[in-house]
Amino acid sequence: MLEKITTRMKRQGIFSTLVYLTCTVFLEKLGVEIIRLFVIKNDINLANDKRIKIYLPDDHLSEQLLGQIEDKCGAKYTSKIISKRKSGHILAIANIDKCVASLAWLSQITEPGLLEKKTYWIIHGCLTFPEFRGKQLYPSMIKSLSHFVARTEQQSKNIYIESSWTNKASINGIKKCGFLGAGYTISFRDKVLINKRIING
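My aim in this report is to walk through the structure given alongside it, one point at a time.

Concerning unusual backbone geometry
Point 1. Even without being glycine, Asp 97 reaches a positive phi, approximately 55 degrees.
Point 2. Exposure remark for Asp 97: the relative accessible area of 71% places this residue in the exposed category.
Point 3. The backbone of Lys 98 sits at a positive phi, close to 65 degrees, despite the residue not being glycine.
Point 4. Residue classification places Lys 98 among the exposed residues on the basis of a relative accessible area of 73%.

Okay, structure coming up:
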């Protein structure tokens, strides 16, 4: 934890670190979570990164891949991966030198609307392991998943992505990929208290 704080101070300054400690660590202890939402159209020309492979729910995940992920994240996280894939979520994995370097999820969500249901795609749960940071994997993951949606959908659809509101590096990476702000949610112990998201299918 101390190493993480020191690294953050060097990269983002004292003020950003204090905001992080106050608004992230303290609020998380209380069970409060603030999530920002961003949006982009899928009719954009985004290149696919060859380091990244997208696994549909029925695609085979090798024991080697799952073993690497379990070594880094624990058995509980691996079980979560299996469960989420059974529920229809799409997993993207970036490999560097045959090592799992980054993970991200893509999900298609359907929500009730005033006149009709809204269906949209959302990128979430992005994770890059510390030893592979600085290799542009995060924006490449976003672009690859957006590229997948553009190839999958016959008509233009909005693609959304979530990030903690204090994660400055994540938000900068999202904006560099062309995403625009689309509101936020405030939750307390996994229950949404304030929903200011702007969702259009």
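Let's pick the thread back up.
Structural notes on the packing of helix H2 (residues 63–73) against helix H3 (residues 75–86)
Point 1. Their axes nearest at 7 Å, the elements H2 and H3 cross at an angle of 135 degrees. Taken together, H2 and H3 sit at an angle that is classed as oblique. Listed contacts from H3 to Leu 66, Ile 69, Glu 70 and Cys 73 of H2 are Ala 75, Tyr 77, Thr 78 and Ile 81.
Point 2. Here the residues of the contact of H2 with H3 sort into six nonpolar, one polar and one charged.

Some words on the packing of aromatic side chains
Point 1. Evaluation of the coordinates by the stated rule reveals two aromatic pairs.
Point 2. Between Tyr 120 and Tyr 160, the ring centres sit 5.2 Å apart and the planes meet at 75 degrees, which makes this aromatic pair edge-to-face. Here Tyr 160 lies in strand S6 (residues 158–164) and Tyr 120 lies in strand S5 (residues 118–128), a separation of 40 residues in the sequence. Neither residue differs from the other here; Tyr 120 and Tyr 160 are each classed as buried.
Point 3. A centroid spacing of 6.3 Å and a plane angle of 85 degrees characterise the contact between Trp 121 and Phe 148, whose relative ring orientation is edge-to-face.

Rules used throughout
Residues numbered from 1 in each chain as written. Predicted model: local features only at pLDDT ≥ 70, side-chain atom pairs only at ≥ 80, totals over all residues. Heavy atoms only, no water. Buried < 20%, exposed > 50% of the residue type's maximum accessible area, 1.4 Å probe, protein only. Axes fitted to C-alpha atoms, helices over the stretch in contact; angles between N-to-C directions. Helix = DSSP H or I, 4+ residues; strand = E, 2+ residues; numbered from the N terminus. Parallel < 35°, antiparallel > 145°, perpendicular 65-115°, else oblique. Contact = heavy atoms within 4.5 Å. Nonpolar A, V, L, I, M, F, W, Y, C, P; charged D, E, K, R; others polar. Phe/Tyr/Trp six-rings, centres within 6.5 Å; stacked < 30°, edge-to-face > 60°.

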